[in-house]
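Working through the structure, step by step
One letter stands for each residue in the lines below.
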Amino acid sequence: MESTNQNNHHNIATGIHLLTFGKWLFPLGNFVLPILLWMINSKKSDFIDRHGKQAINFQISMTLYTIILAFIGGGIIVGSMISGGPSLWEAMDHGGGFPFWNDMGIFSTIIASGVVCGTLIFALGVIDLVCTIKAAIKAHDGEDYDYPLTINFIPHHHEVETSNTK
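Everything numeric in this text was worked out from a predicted model, so none of it was measured.

Cut-off values and rules
Residues numbered from 1 in each chain as written. Predicted model: local features only at pLDDT ≥ 70, side-chain atom pairs only at ≥ 80, totals over all residues. Heavy atoms only, no water. Salt bridge = Lys/Arg side-chain N within 4 Å of Asp/Glu carboxyl O. Helix = DSSP H or I, 4+ residues; strand = E, 2+ residues; numbered from the N terminus. Buried < 20%, exposed > 50% of the residue type's maximum accessible area, 1.4 Å probe, protein only. Expected span 1.5 Å × (residues − 1). 1 Å grid on protein atoms, 1.4 Å probe; cavity = no way out; pocket = protein on both sides within 12 Å on 5 of 7 lines; lining within 4 Å. Points joined across faces, edges and corners; volume = space filled by probe spheres on them. Nonpolar A, V, L, I, M, F, W, Y, C, P; charged D, E, K, R; others polar.

Let us look at the pattern of salt bridges. Scanning all chains against the criterion turns up four salt bridges. A salt bridge links Asp128 to Lys23; the shortest N-O distance between them is 2.2 Å. In this pair, Asp128 sits in helix α5 (residues 104-140) while Lys23 sits in the loop between α1 (2-18) and α2 (29-41), placing the two residues 105 residues apart along the sequence. Its relative accessible area of 25% is what places Lys23 among the partly exposed residues. With a closest N to O distance of 3.1 Å, Arg50 and Asp144 form a salt bridge.

The next subject is α2. Its 13 residues place the ends of α2 18 Å apart at the C-alpha level, agreeing with the 18 Å of an ideal helix rising 1.5 Å per residue. Where α2 is concerned, the buried positions are Gly29, Asn30, Phe31, Pro34, Trp38 and Asn41.

We now examine the layout of surface pockets. Within this model, the largest pocket holds a volume of roughly 350 Å³. Taken together, 15 residues make up the lining of the largest pocket; nearest its centre are Lys23, Trp24, Thr66, Gly125 and Asp128. When contributions to the lining of the largest pocket are tallied by element, the ones reaching two or more residues are α2, α3 (46-83) and α5. Sort the elements by how many residues they give to the lining of the largest pocket and α5 lands first, with five residues. Its residues assigned to classes, the lining of the largest pocket comprises eight nonpolar, five polar and two charged.

And the structure:
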């Protein structure tokens, strides 16, 4: 009976990790689906609780990093366009074409920021995919897994216990 419960806990933890792919089904699916499964089952075992917190913390972290990179890239692009000043907008209003072709400094800044931030966002996506699959495999095998680059928004029990003793 104990072995069946343990296997069930491993399967639930695996499911929590895999449900983060719900983001491909609907917005915020990477939060809503794993949180629901975790909340329903977190009291059944520390194993499920730990894996649920890890998966949710990782998804929040990856989303935060992506938003920051998008704002940085977008800010550089908008800032470069604004720094073109009145001549940029005047040339566009009078049918002078897209004036960045005449000012490769601004144009290259826009392209570079887009490429750098876009590449970093793509890399975060790859890290998300690889680490989620790895975490699901570890959970299925009954092992713990600590995602990289994770901010612990939801602390683990042992972190709460150690912070209360100080």
